[in-house]
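# Commentary on secondary and tertiary structure
What follows is the residue order along each chain.
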Amino acid sequence: MEAKEDLVPTAVFEPPSVLRWRTMLAVPVAAALALALHLLIAKRELPLETHSYRLFFIEIIGVSIVLALLRRFSPALRRWMASMWPIFTAAIVIVCVWDVITLGLRLLPLPYFPGPSAVLRSLINDRALLLDSTWHSLGLLLSGYTLGVIAGLISGICIGWSSPIRYWGMPILKVVGPVPATAWIPLALVLSPSAIVSSAALIALAVWFPVTMLTSSGISNTRASYLDVARTLGAGRWYLIFRVAIPAALPNIFIGLFMGLGASFLTLVVAESVGVKSGLGWYVSWAQGWAEYGKVFAALIIMAAFFSTIMTILFKARDRVLVWQKGVIKW
Amino acid sequence: MVAVNEVEASSLVVRDVKKSFPAPDDPLSRRQVLDGISFSLAAGELVSLIGPSGCGKSTLLRLIAGLDSADSGNLLIGSNPITAPNAERGLVFQDPNLFPWLTVRRNIQAGLVARGVLREKKNEVDEFMRLVGLEVFANVYPHHLSGGMAQRAALARALINHPKILLLDEPLGALDAFTRMRMQDEVLRLWQARLTTMLLVTHDIDEAIYMSDRIMIMSVRPGRIERTIAVDLARPRQRDSADFLRLRSDILNYLHFAGES
């Protein structure tokens, strides 16, 4: 039978799929250049201070050469290198420029802007505390986010499905929702004996609003004809809500989940830097208190990796759940 | 093919049904869409309903499906009044309205899931997928299907509940001419295989003559059944036979579409 032709979007940037020599060599060459520049710049520094930074670049050179040798055996590796190497090269160049601006030319005031070698040293020296802080942040984030998502889904489904609940619920949502969760911090700290509990509640509140908003609009915008068809197939209310309205609202619900995740990151960091005595947010303000800006930057790097990993996991979950949407909506 | 051949059709009686909606331009007045509709279908009959757009054909179908309620009058299936949507009255729209989040197989078995009888009737799912020739596409999502395939899936989804009457609201209207003619045979085959009562709303006069036992012509404002024409042609019908063409020109004349002569 005839299958519909897939529409091909016209203006899509295709990452290179063929591994060229110059792409393959870009990473080790850039790393070697960065290392050479660094050795030139850092002559005055104590060798111990920049030891791990040098080691880091030597490792990059080594690994990239090994991968270049292994590429013959794996097409997957070749494809991965072809698509990722330009990005890695750019990252190395950026680190190198940072090194030159800070350590080399001393254009930025110290101690606020340490060079990459100092940040790497802080990262390695303080790894135990950083790991512990990440662990605490993860616990707080997940408990608050989960709570907020559950509450948001329940209230969103109720508001979206039932018009009496919508009538009474919408005004509350419209008045309370737009207030940033962080604005409640003074109140939350007074109300709850434990800073952890109140922070989790604040994160939940921050997540609850967008999830509720997007879920309810998704549910109430379910195509009427889907509901009509389901009713003529003998569907009761349970089927209409859980098998029609909620699946139809899933694309919207995921937008709410993404917005809620962003809000939860913000609330987490603020809550940790004012009330909670653990976590990455706390670590940043603690390190700042001691004027150890190397540690501040180290924590920021961890935070970036931590948050983007969680975001990526949510993206993967969405791609899996909304697999039926492929070809309908691209985002 | 045990279940598919069961006789389970039912008659339909529509008596003096009226329905009005708030007028879109003036919310205080109401517009009479259906103004005393009366007709009946015998069990197993295939009847077409044609008429200009806006005459209330779809409204009437929604009333029979139970999705809306009439202002006055009676609607009876067998001897039972129609009050709410029910699996015994299947409805197929012009848009197949397949649930995009379900595969073809899960769409077709949706009625069984909704009624909580999937476990007992699981074997029928394959049967109905074979009936409409979609076995190969069982695990495909609807956005991969062509218009004709999607409409066949929608027919199977409606038929799996063994409806006593199947309501078709311009089900082939969105298809191209060739696919449409093939699908007309497909629907006739399903009708003969299932011996179900069918009410087909269409704006295609050829389709109405080709398929139905009787043709009801509706007028617009007030929405009434103006005339009922019996189609006494043997099946399978020839679209170019003299009787077919004579009937066609009768209807065109009646609707004043024949042109000046």
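Parameters and conventions
- Residues numbered from 1 in each chain as written.
- Chains lettered and ligands numbered in written order.
- Predicted model: local features only at pLDDT ≥ 70, side-chain atom pairs only at ≥ 80, totals over all residues.
- Helix = DSSP H or I, 4+ residues; strand = E, 2+ residues; numbered from the N terminus.
- Rg over C-alpha atoms; globule rule 2.2 N^0.38 Å.
- Buried ≥ 20, exposed ≤ 12 C-beta atoms within 10 Å, placed from the backbone.
- Contact = placed C-beta atoms within 7 Å.
- Pairing = 2+ DSSP bridges.
- Axes fitted to C-alpha atoms, helices over the stretch in contact; angles between N-to-C directions.
- Domains from an automatic or database assignment.
- Nonpolar A, V, L, I, M, F, W, Y, C, P; charged D, E, K, R; others polar.
- Core = buried A, V, L, I, M, F, W, Y, C linked by C-beta atoms within 7 Å.
- Parallel < 35°, antiparallel > 145°, perpendicular 65-115°, else oblique.

## Things to note about the overall build of chain B
Along chain B, the regular secondary structure elements total eight helices and ten strands. The C-alpha radius of gyration computed for chain B amounts to 19 Å, which stays within 12% of the reference 18 Å derived for 261 residues, consistent with globular compactness. Overall, the C-alpha framework of chain B stretches about 55 × 50 × 35 Å when taken along its three principal axes. Relative to its 261 residues, chain B shows a buried fraction of 43%. Considering only contacts within chain B whose residues lie at least 6 apart along the sequence, 70% involve residues at least 24 apart.

## Notes on the overall build of chain A
The secondary structure content of chain A amounts to twelve helices and zero strands. When its helices and strands are written in sequence order, chain A yields α-α-α-α-α-α-α-α-α-α-α-α. In terms of C-alpha radius of gyration, chain A reaches 25 Å, well past the compact-globule figure of 20 Å for 331 residues. Viewed in the frame of its principal axes, chain A has a C-alpha envelope of about 80 × 65 × 30 Å. Counting every position in chain A, which comprises 331 residues, the buried fraction comes to 34%.

## With respect to the sheet that holds strand S3 (residues 46–50) of chain B
As a general point, the strands of a sheet are linked pairwise by backbone hydrogen bonds and lie either parallel or antiparallel. Residues and elements named next belong to chain B. Pairing in this open sheet of six strands is mixed, and the strands run S6-S7-S8-S3-S9-S10 from one edge to the other. Each edge of the open sheet is held by one strand with a lone partner, namely strand S6 (89–92) and strand S10 (224–230). Going across the sheet, the axis of each strand differs from the next one's by a mean of 20 degrees, ignoring polarity. Pairing of strand S9 (residues 214–219) with S10, which is carried by six bridges, proceeds in the antiparallel orientation. Bridge assignment links Ile215 to a residue of S10, and that residue is Ile229.

## So, the environment of Tyr226(A)
Within the secondary structure, Tyr226(A) is located in helix H9 (residues 224–232). Tyr226(A) sits in the partly exposed class, given 19 other C-beta atoms within 10 Å. Excluding its chain neighbours within four sequence positions, the residues that come into contact with Tyr226(A) are Val244(A), Ala248(A), Asn97(B) and Phe99(B).

## Observations regarding the environment of Thr23(A)
Residues and elements named next belong to chain A. Summarising the element assignment, Thr23 is placed in helix H1 (residues 21–41). Under the C-beta neighbour-count criterion, Thr23 is labelled partly exposed, with 17 such atoms within 10 Å. When the C-alpha atoms of Thr23 and Ser83 are compared, they prove to be 9.4 Å apart, with 60 residues separating the residues in sequence.

## As for unusual backbone geometry
In this model, Arg235(B) is joined to Pro236(B) through a cis peptide bond whose omega is -5 degrees. Its place among the elements puts Pro236(B) in the loop between S10 and helix H8 (242–254). The backbone of Arg106(A) sits at a positive phi, close to 55 degrees, despite the residue not being glycine. Relative to the elements of secondary structure, Arg106(A) occurs in the loop between helix H3 (75–104) and helix H4 (116–125). Look at Arg106(A) and you get exposed, because 12 C-beta atoms sit within 10 Å.

## Considerations on the domain arrangement of chain A
Residue and element names in this part refer to chain A. Domain boundaries in chain A define domain 1 (21–124) and domain 2 (126–325). For domain 1 versus domain 2, the distance between C-alpha centres works out to 36 Å. Facing the nine residues of domain 1 at the interface are ten residues of domain 2. Here the side of domain 1 that touches domain 2 is composed, by residue class, of seven nonpolar, one polar and one charged.

## What about the nonpolar core?
As a rule of thumb, soluble globular proteins bury nonpolar side chains together. One finds Ala299(A), Ala153(B) and Ala156(B) to be the most contacted residues of the largest nonpolar core, which totals 128 residues. Among the elements that make up this core, the one with the highest residue count is helix H8 (residues 195–220) of chain A (15 residues). Each of domain 1 (21–124) and domain 2 (126–325) of chain A gives at least three residues to this core. If we skip the residues at most four places from it in the chain, Ala299(A) touches Leu130(A), Leu280(A), Tyr283(A), Val284(A) and Ala287(A). The next biggest cluster of nonpolar side chains, apart from the first, holds eleven residues, and it includes Ala30(A), Ala34(A), Phe57(A) and Ile92(A).

## Some remarks on the interface of chain A and chain B
With 19 residues of chain A in contact, the opposing surface of chain B contributes 26 residues. Put simply, the parts of the chain that give the side of chain A that touches chain B at least two residues each are H9 and helix H10 (237–274) of chain A. Here the residues of the side of chain A that touches chain B sort into eleven nonpolar, four polar and four charged.

## Let's talk about helix H1 (residues 57–65) of chain B
It helps to recall that an α-helix has 3.6 residues per turn; residues three or four apart then point in one direction. In terms of burial, H1(B) is a largely internal element, eight of the nine residues being buried. Once H1(B) ends, the next one or two residues include Gly66(B), with phi positive near 90 degrees.

## A look at the packing of helix H5 (residues 127–161) of chain A against helix H6 (residues 163–176) of chain A
All names here are of chain A. One can describe the packing of H5 onto H6 by two numbers: an axis separation of 6 Å at closest approach and a directional angle of 125 degrees. It follows from the interaxial angle that H5 and H6 lie oblique. Side by side, H5 and H6 meet where Ser155, Cys158 and Ile159 of the first sit next to Ile165, Arg166, Gly169 and Met170 of the second.

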